[in-house]
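Below are the chains, spelled out letter by letter.
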Amino acid sequence: MILADLSPAALREATTYLAGLDADWSRHIAAIGPCLHQATPGREPYEALVRAIAHQQLHARAAEAILGRMLGLFPGVAFPTPEQLLATSPEALRGCGFSASKLATVQGIAQARLDGVVPSREEALGLQDDALIERLVTLRGVGRWTVEMLLIYCLERSDILPVDDFGVREGYRRIKGLDKAPSPAQIRALAVLWSPHRTAAAWYLWRAVG
């Protein structure tokens, strides 16, 4: 079953559900207010992956600057096609701020789209979460977290929790007043009770960190 409803009504339902988990969740949600998660559902998975790679291990502002310089290389298009990206010299892309490692990953994603490994949006909408993760983590530099961001923001999947994400685990630590953040395995076990609203739970946990 594919859970992909992040409509305002679904987010309100998720907020009510999570607030009812316990007093800590209720207090945190009362302080934060309604879930304002915003997806970017019009993007192709290829574009979403390239953008996610740019954001890896960087502040959002720095990543957007890199992407802005890259987009400047392709006037007249909203986002370069895989063919355009592969036809661009590595020196030009490095000049945008991509590290050698990230550049190799971005070029690999572009080639994988041409090869059909990275699905079209239409195809991706019909793939189960785990199937898409298993398929895309075979790509160089693409880990589970990157695919989970694709699922959350591009495909609007509503029951995704990126357990390797620092903000998710640190957010839980703060909500619960723990001395130490839970491990990915621990947070995965805890999050069973948050299903089928784990995407909204991730959003609220991120809000606890900043």
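Residues numbered from 1 in each chain as written. Predicted model: local features only at pLDDT ≥ 70, side-chain atom pairs only at ≥ 80, totals over all residues. Heavy atoms only, no water.

As recorded in an unreviewed UniProt entry, the protein chain goes by DNA-3-methyladenine glycosylase II and comes from Pseudomonas hunanensis.

Bringing the state of the cysteines into the picture now. For the coordinates displayed, the defined rule picks out zero disulfides. No disulfide involves Cys35; its nearest neighbouring cysteine sulfur is the one of Cys154, lying 18 Å away. (Disulfide = S-S within 2.5 Å.)

Relative orientation of the contacting elements helix H3 (residues 45-55) and helix H10 (residues 144-154) amounts to 125°, with a least axis distance of 9 Å. On the basis of their axis angle, the class for H3 and H10 is oblique. Both H3 and H10 take part in a crossing whose hand is right-handed. Contacts between H3 and H10 involve Pro45, Ala48, Leu49, Ala52 and Ile53 from the former and Thr146, Leu150 and Cys154 from the latter. (Axes fitted to C-alpha atoms, helices over the stretch in contact; angles between N-to-C directions. Helix = DSSP H or I, 4+ residues; strand = E, 2+ residues; numbered from the N terminus. Parallel < 35°, antiparallel > 145°, perpendicular 65-115°, else oblique. Left-handed = near helix turned anticlockwise from the far one by under 90°. Contact = heavy atoms within 4.5 Å.)

What follows deals with the environment of Thr199. Take Thr199: it is sitting in helix H13 (residues 198-209). Classification of Thr199 by relative accessible area gives buried; the value is 1%. Each C-alpha atom of the pair Thr199 and Asp164 lies 14 Å from the other, and the pair is 35 residues apart in sequence. Not counting the four nearest positions on each side in its chain, Thr199 is found in contact with Leu6, His37, Ile152, Arg157, Ser158, Asp159 and Ile160. (Buried < 20%, exposed > 50% of the residue type's maximum accessible area, 1.4 Å probe, protein only.)

Trp25, Met70, Ile109, Leu161 and Trp194 are the most contacted members of the largest nonpolar core, which has 59 residues in total. The biggest single contributor to this core is H13, with eight residues. (Core = buried A, V, L, I, M, F, W, Y, C linked by side-chain atoms within 4.5 Å.)

Okay, the environment of Ala201 next. Along the chain, Ala201 turns up in helix H13. Once you skip the residues sitting within four places of it in the chain, Ala201 turns out to touch Leu18, Trp25 and Trp194.

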